[in-house]
Amino acid sequence: MKTLQYLSDPLLAGLFWPGVLVGLAIAITCAALSWLIVLRRLAFIGQGVSHAAFGGLGLASLIASFGLDFANSTGRFPIVLIFCVLAGALISRMSTKRAVGGGWAVDTAIGIVLVASMAGGAVMLHLSHVVLDAQGTSQSLPQIQWEAILFGSITSVGWGDVAVAAGVMVLILIALFWLRRPMLLWAFDPDAADAVGVSSKRMSLTLIVLISLIVVMAMKLAGVVLVTAFLVLPGSIALQLTQSLNTTRIISMLVAIGAVLGGLIVSFELDWPSGASIVLMLITMHLLASVWGWVRQRRPLVRTS
Amino acid sequence: MSQRPHEHIESATPSAIELSHVSFNYRNAPSRNSSSAVVLDDISLTVPAGERLGVFGPNGAGKSTLLKLMLGIIEPCSGHIRIFDQSPTHARKLGTVGFVPQRLNIVSAFPVTARQIVEMTVACTTKPLKRLPAQTQLYIDELMELVGAGEFAAQPVGTLSGGQLQRVLIARALSNKPNLLLLDEPTVGIDLAGQQQFAQLLNELHRKLKLTIVMVSHDLRAIAAGCDRVACLAGSLHAHTSPDGITPAVLAEVFSHDVASVLGDIHVHAHKAEECHDETCQQEAEPENGS
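A. Looking closely at the sheet that holds strand E2 (residues 39–47) of chain B. All names here are of chain B. With antiparallel pairing, three strands are arranged side by side in an open sheet as E2-E1-E4. If you trace the sheet from one side to the other, it starts and ends with E2 and strand E4 (78–83), each paired once. Along the sheet, successive strands turn relative to each other by an average axial angle of 20°, direction set aside. Relative to E4, strand E1 (residues 17–25) runs antiparallel, the two sharing five bridges. Looking at E4, one finds that Leu19 is bridged to Ile81.

B. Broad picture of a nonpolar patch on the surface. Together, Leu270(A), Trp272(A), Leu280(A), Ile283(A) and Leu287(A) make up an exposed nonpolar region whose accessible area comes to about 500 Å². Within the fold, Leu280(A) resides in helix H12 (residues 274–295).

C. Molecular detail of the pairing of strand E7 (residues 212–217) of chain B. All names here are of chain B. Most of E7 sits inside the fold, with six of its six residues counted as buried. Neither face of E7 is open: one carries Thr212, Val214 and Val216, the other Ile213, Met215 and Ser217, and all of them are buried. Bridging between strand E3 (residues 52–56) and E7 involves five bridges; their strand directions are parallel. Looking across to E7, one finds that Phe56 is bridged to Ser217. Pairing analysis gives five bridges linking strand E6 (residues 180–184) to E7, with the strands arranged parallel. Residue pairing in the sheet places Leu180 in a bridge with Thr212 of E7. Between the parallel elements E6 and E7, the chain passes through helix H6 (residues 192–209) in a crossover that is right-handed.

D. Region of the structure containing unusual backbone geometry. Positive phi, close to 65°, is recorded for Asp271(A), a residue that is not glycine. Here Asp271(A) lies in the loop between helix H11 (245–270) and H12. A positive phi angle, near 50°, is found at Lys177(B), a position not held by glycine. Here Lys177(B) is to be found in the loop between helix H5 (162–174) and E6.

E. Local environment of helix H4 (residues 134–146) of chain B. Residue and element names in this part refer to chain B. End to end, H4 covers 18 Å across 13 residues, agreeing with the expected 18 Å (1.5 Å per residue, within 8%). All of the buried residues in H4 are Thr136, Ile140, Leu143 and Met144. What you see down the axis of H4 is that its buried residues fit within an arc of 100°, all on one side. Facing away from the buried side of H4 by over 90 degrees, the exposed positions are Ala134, Gln135, Leu138, Glu142 and Glu145. Considering only its buried residues, H4 is in contact with helix H3 (114–124) and H5. Positive phi appears at Gly148, one or two residues downstream of H4, with a value of about 75°.

F. Representation of the pairing of E3(B). Residues and elements named next belong to chain B. Counting buried positions over the five residues of E3 gives five, a clear majority of the element. Burial along E3 is two-sided: the face carrying Arg52, Gly54 and Phe56 and the face carrying Leu53 and Val55 are both buried. Relative to strand E8 (residues 229–234), E3 is paired through four bridges, and the arrangement is parallel. Bridging from a neighbouring strand, Leu53 pairs with Arg229 of E8.

Calculation rules
Residues numbered from 1 in each chain as written. Chains lettered and ligands numbered in written order. Predicted model: local features only at pLDDT ≥ 70, side-chain atom pairs only at ≥ 80, totals over all residues. Heavy atoms only, no water. Pairing = 2+ DSSP bridges. Helix = DSSP H or I, 4+ residues; strand = E, 2+ residues; numbered from the N terminus. Axes fitted to C-alpha atoms, helices over the stretch in contact; angles between N-to-C directions. Patch = residues over 30% accessible without salt bridge, like charges linked within 9 Å, V, L, I, M, F, W, Y side chains within 5 Å. Areas by Shrake-Rupley, 256 points an atom, 1.4 Å probe, with all protein chains shown as cover. Salt bridge = Lys/Arg side-chain N within 4 Å of Asp/Glu carboxyl O. Buried < 20%, exposed > 50% of the residue type's maximum accessible area, 1.4 Å probe, protein only. Right-handed = clockwise from strand over helix to strand, strands pointing away. Expected span 1.5 Å × (residues − 1). Arc of directions from axis to C-beta. Contact = heavy atoms within 4.5 Å.

Right, dumping it as structure tokens:
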């Protein structure tokens, strides 16, 4: 048994704590966004934005193939980040209701942007090989670690990642606090927001850009599936348990924090994959919340209309 | 918003709303959505302060577009709009206009109470680091009482009936102390008893707060119950009369359909007009969108 040994053992603690802290930062940030995501039906925005990373990677290789090597080293992550945030902005733009009618449903917009950026990424990657072949230097193309980008490993992060995750968390939490009133009005009733000068277009764009930021940051560390879980489940769990806004916010945060800690402990104790353990922890909480709601004879609060 | 030269209309008592030759079309409207094929054509309309105007017309006639123009959310392609002698955007900034949106767009799962809904718009004008002033809080309490929402102020939105939610949305629209209240299809999905209470409430607010009211509806009964005048809208303005002035000829013009039989008794048979208008109006509106 290595029960809780990793908390004190200096070697193991060095592996455990950065992962925990990064996980907590991501979880708290996503939980703060989660209720908005559930109520505005943006559950798949994380998938859309994260798959856009393929497009960003393709673009980075293409730029690098023209001899601009920075694009495949230090420049790669910023290129992917900008690409993903722009993809998020595009989804927002496509799905925003115009003055009357119009606009695609968000899921349609996500579907279109997702496949477009993946296909675009694949073609750009191909073109970068073509360019390098023409130069006779195709051997020098560094291998892209697709897997690491799609399924990050939260237990292999370092202290530098902790600082970045904490920075993004603070940035997003401040933005959400600053905009909490217009954001609430817009989320509840976009028409009324427009009527008092809170632009629904701008609110939607702001929210989606914030989500894109955390998704890009988190998928490198935690993986796409875990990010989606953090974006959707804390909100859906909280909304089953309460009808109060502040309690929703608090429960979301507590659920996310609990899932990170619980999931990682399970992962270390039983040697399970860490991301999957956290997701299963969240799913378990969701089931318990459903049972609790059923026992209390409450109707499910989030319905499909 | 862009500065455009406005016609200055001199008058002793400024009207609440003045529309002169207002036209609007959606040049970039996506063709997949036929409801956006609406064109407003050369609408001139004056609403004196304190009047209650019902804008009546079939679905897709441009009623909501008209409201959006009055709110300054969209700008007319030609013509001018003045709200209490201000541009619509300026009037909106001054809090002159209160807006009650369509109730059915609201997600009932939202974790807010009735009172939090009423607070929402005034809260947006409070600085992020400040609490809502006590004065505002008191005013919101008063408003809740005024619309008869005091007793369910603490209830979550999901537990409110249609009529209760309607009262809450009206209270919210009044929270900026407007002189003009705009309502978009206020009676949709509310039962008969609720509609009666709603008409009473609106009459009471009109009397107490000296409000000018513009209500947009495809329900003649709702308009007849609470309006001084009616404008019939189907792309262009077809009549501008008192509720009693809606004659078979006017309706036939609006719906491009012979609906004389409807008018045996407006109050009872108004729904027939709704039933028959949909196709006829679409047919009328679509050729105009051909541009």
